[in-house]
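Okay, here's what each chain looks like letter by letter:
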Amino acid sequence: MTLSKFFKYSLPIGIAGIVLSIILFVTNLYYELVVPVIENSSLEGAAFDFFDDLIFYTPCIFMALFAAYLIAGFIYKRKAQLKVEDKVTEDMIGENEAVQKVLDDRAAFLKYKLYTNCPNCGSPRAENETDCRFCGTSLIKNKSTEK
Ligand SMILES: [Zn+2]
């Protein structure tokens, strides 16, 4: 079982668990439902106290466990969410860099003055070409100097 499955319903289960534990604890405290059962058993002295305490404090232990489960689930989900956000940000930066690269290339290309026909073989220059397709001669007339 993966952690994401383990914590999938941590919020409703945690809350339900805490509420049930409180109900159990309060019911036990006010109505002492279990006390007659212990009193009718043959338990005495230390054993009686131990089971008496156990019955009262078990719901508290469960309450703490459910609270821990709820908090752990919250932390896990927050971390997972941040991880996804990081991934999305990374992807966006990557995309922006790719777009910037295309724009930079285009800007560099526009700095050149180019022949419309190859000075060597006379074939027409295709769009975005800096070298002749046929003979490989450079089609750059001169680098335009920026002023
Ligand atoms: Zn050529």
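Shown above is the structure to which this text applies.
Criteria and cut-off values
Residues numbered from 1 in each chain as written. Predicted model: local features only at pLDDT ≥ 70, side-chain atom pairs only at ≥ 80, totals over all residues. Heavy atoms only, no water. Donors = N, O, S within 2.8 Å, 3.2 Å for Na, K, Ca; no water. Tetrahedral: all angles 85-135°; square planar, octahedral: opposite > 155°, others 65-115°. Buried < 20%, exposed > 50% of the residue type's maximum accessible area, 1.4 Å probe, protein only. Helix = DSSP H or I, 4+ residues; strand = E, 2+ residues; numbered from the N terminus. Lys, Arg positive; Asp, Glu negative; His and termini not counted. Salt bridge = Lys/Arg side-chain N within 4 Å of Asp/Glu carboxyl O. Contact = heavy atoms within 4.5 Å. Phe/Tyr/Trp six-rings, centres within 6.5 Å; stacked < 30°, edge-to-face > 60°.

Engineer: If you had to explain the coordination of the zinc ion to someone new, which residues and values would you point to?
Structural biologist: Coordination sphere of the zinc ion, protein contribution only: Cys-118 (SG), Cys-121 (SG), Cys-132 (SG) and Cys-135 (SG), at 2.2 to 2.4 Å. For the zinc ion, the four donor atoms in the first shell make angles of 104 to 121 degrees at the metal, a pattern classed as tetrahedral. In the primary structure, the donors to the zinc ion are separated according to the pattern C-x2-C-x10-C-x2-C. Overall, the relative accessible area of 5% leaves Cys-118 in the buried class.

Engineer: Break down the side chain of Asp-52 for me, with residues and values.
Structural biologist: By the secondary structure assignment, Asp-52 is in helix 4 (residues 45-110). Buried charge without a salt bridge: Asp-52, with Lys-77 as the nearest opposite-charge side chain at an N-O distance of 36 Å. If we skip the residues at most four places from it in the chain, Asp-52 touches Val-35 and Ile-38.

Engineer: Provide a residue-level description of the packing of aromatic side chains, including the pertinent values.
Structural biologist: On inspection of all chains with the given rule, the structure shows five aromatic pairs. With centroids separated by 5.5 Å and ring planes inclined at 85 degrees, the aromatic side chains of Phe-50 and Phe-51 adopt a geometry described as edge-to-face. The exposure class assigned to Phe-50 is exposed, which follows from its relative accessible area of 51%. Among the aromatic residues, those joined into a cluster by ring pairs are Phe-6, Phe-7, Tyr-69 and Tyr-76.

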